[in-house]
Amino acid sequence: MFQGASSLSLDAKGRLSVPTRHRDVLSATASGQLTITKHPDGCLMIFARPEWEKFRERINSLPMSAQWWKRIFLGNAMDVEMDATGRVLVSPELRAAAGITKESVLLGMGSYFELWDKATYDAQEAQAMQGGMPDVFKDFAF
């Protein structure tokens, strides 16, 4: 399970350096094979290939009424591999879709990662914090 946030910079070619703490797990569980696709919140989702295959099956089983969501998730998915130094290439199309130029935030979200443009993430997080916690957290003890 992936968790935690990492501030990262994409290099001039659009490569992301996977944080060291995640590389071993991704190498062991997916042989460094990842899949990147769009997320409806304006970021990118990065899956280890076995997790992507589970997600893809769930998306494929959706009814025709969800055809546009199938297009968004599956039609934009790109398979990538970590290189020997733990970098992955994020395609120009996916970078543009998420507004990622250089500075980014990688969030571990359990079975996948989210990759955000840093300024966009900071603004959306601040907005969420100002709005207060939703009712789904009413039974949590903080």
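- Under an unreviewed UniProt entry, the name given to the chain is Transcriptional regulator MraZ, and the source organism is Rhodoferax antarcticus ANT.BR.
- Its UniProt record, at the heading Sequence similarities (unreviewed entry), says of the chain: "Belongs to the MraZ family."
- Of the comments in the UniProt record for the chain, the one headed Subunit (unreviewed entry) reads "Forms oligomers."

### A word on the packing of aromatic side chains
The description of two aromatic rings rests on the distance between their centres and on the angle between their planes.
Right, so step 1: Tallied over the entire structure, the rule returns nine aromatic pairs.
Right, so step 2: On the numbers, 4.4 Å between centres and 35° between planes, the contact of Phe 2 with Phe 113 is tilted. Placement of the pair is Phe 2 in strand β1 (residues 2-9) and Phe 113 in strand β8 (residues 112-117), with a sequence separation of 111 residues. Across this residue pair, the class does not change: Phe 2 and Phe 113 are buried.
Right, so step 3: Taken together, Phe 47, Trp 52, Phe 55, Trp 69, Phe 73 and Tyr 112 form an aromatic cluster joined through their ring pairs.

### A look at helix α2 (residues 49-60)
Right, so step 1: Between the first and last C-alpha of α2 there are 16 Å, a value that for 12 residues agrees with the 16 Å anticipated at 1.5 Å per step.
Right, so step 2: Along α2, the residues classified as buried are Arg 49, Trp 52, Phe 55 and Ile 59. Within α2, the buried residues cover an arc of 115° as seen down the axis, which keeps them to one side. Away from its buried face, by an angle of more than 90 degrees, α2 presents the exposed residues Lys 54 and Arg 58.

What counts, and at which threshold
Residues numbered from 1 in each chain as written. Predicted model: local features only at pLDDT ≥ 70, side-chain atom pairs only at ≥ 80, totals over all residues. Heavy atoms only, no water. UniProt positions renumbered as here; feature names shortened; annotations may be inferred. Phe/Tyr/Trp six-rings, centres within 6.5 Å; stacked < 30°, edge-to-face > 60°. Helix = DSSP H or I, 4+ residues; strand = E, 2+ residues; numbered from the N terminus. Buried < 20%, exposed > 50% of the residue type's maximum accessible area, 1.4 Å probe, protein only. Expected span 1.5 Å × (residues − 1). Arc of directions from axis to C-beta.

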